[in-house]
Amino acid sequence: MSSARQWPVCHKRRTGLSGVLTGRQRKRGILSLHDSGLWALAPPRGDANLRLVHAWPAFAWMTLRFQPPQGGVRGKPLELTVWKRGLPDDNWRELRVCVARQLAMPQRRPQKEPA
């Protein structure tokens, strides 16, 4: 499985406005969207084959909810936050487009845009 795209992420806990105010947002791993349409999280958890089920976009971050394969550990969904700060504008736009496409048409595989 090859990675199509990658973004740095934080776990949901202590993100959002409270994370900004306390300065606790930290990069926790790399989220990858594979050509198969499934997502993977590199360390710390190392989850693979995640399915995107919901997204909460905001102006400076986007929180994503994933369902691990077979319900995952204890059947809990995984929530991650991707921050706009530190990402090039093109990468932020690409993430928003990938998420919107996948939520609109969850059965379709991602298409690579011609360069």
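Residues numbered from 1 in each chain as written. Predicted model: local features only at pLDDT ≥ 70, side-chain atom pairs only at ≥ 80, totals over all residues. Heavy atoms only, no water.

Draft legend 1. Structural view of the environment of Leu103. Relative to the assigned elements, Leu103 resides in helix α2 (residues 89-104). You can call Leu103 partly exposed: its relative accessible area is 37%. In contact with Leu103, other than residues within four places in its own chain, are Leu52, Val53, His54 and Ala55. (Helix = DSSP H or I, 4+ residues; strand = E, 2+ residues; numbered from the N terminus. Buried < 20%, exposed > 50% of the residue type's maximum accessible area, 1.4 Å probe, protein only. Contact = heavy atoms within 4.5 Å.)

Draft legend 2. View of the packing of aromatic side chains. Under the definition given, this model contains four aromatic pairs. Here Trp7 and Trp39 contribute two aromatic rings whose centre-to-centre distance is 5.9 Å and whose plane-to-plane angle is 35 degrees, an arrangement assigned as tilted. Of this pair, Trp7 sits in strand β1 (residues 3-11) while Trp39 is found in strand β3 (residues 39-41), placing the two residues 32 residues apart along the sequence. In this structure Trp7 comes out as buried when scored by relative accessible area, which is 0%. Centre to centre, the rings of Trp61 and Trp83 are 5.3 Å apart; their planes meet at 50 degrees, and the pair counts as tilted. Here Trp61, found in strand β5 (residues 61-67), pairs with Trp83, found in strand β6 (residues 78-83); they are 22 residues apart in sequence, far enough to count as distant. Comparing Trp61 with Trp83, the two get one shared label, buried. (Phe/Tyr/Trp six-rings, centres within 6.5 Å; stacked < 30°, edge-to-face > 60°.)

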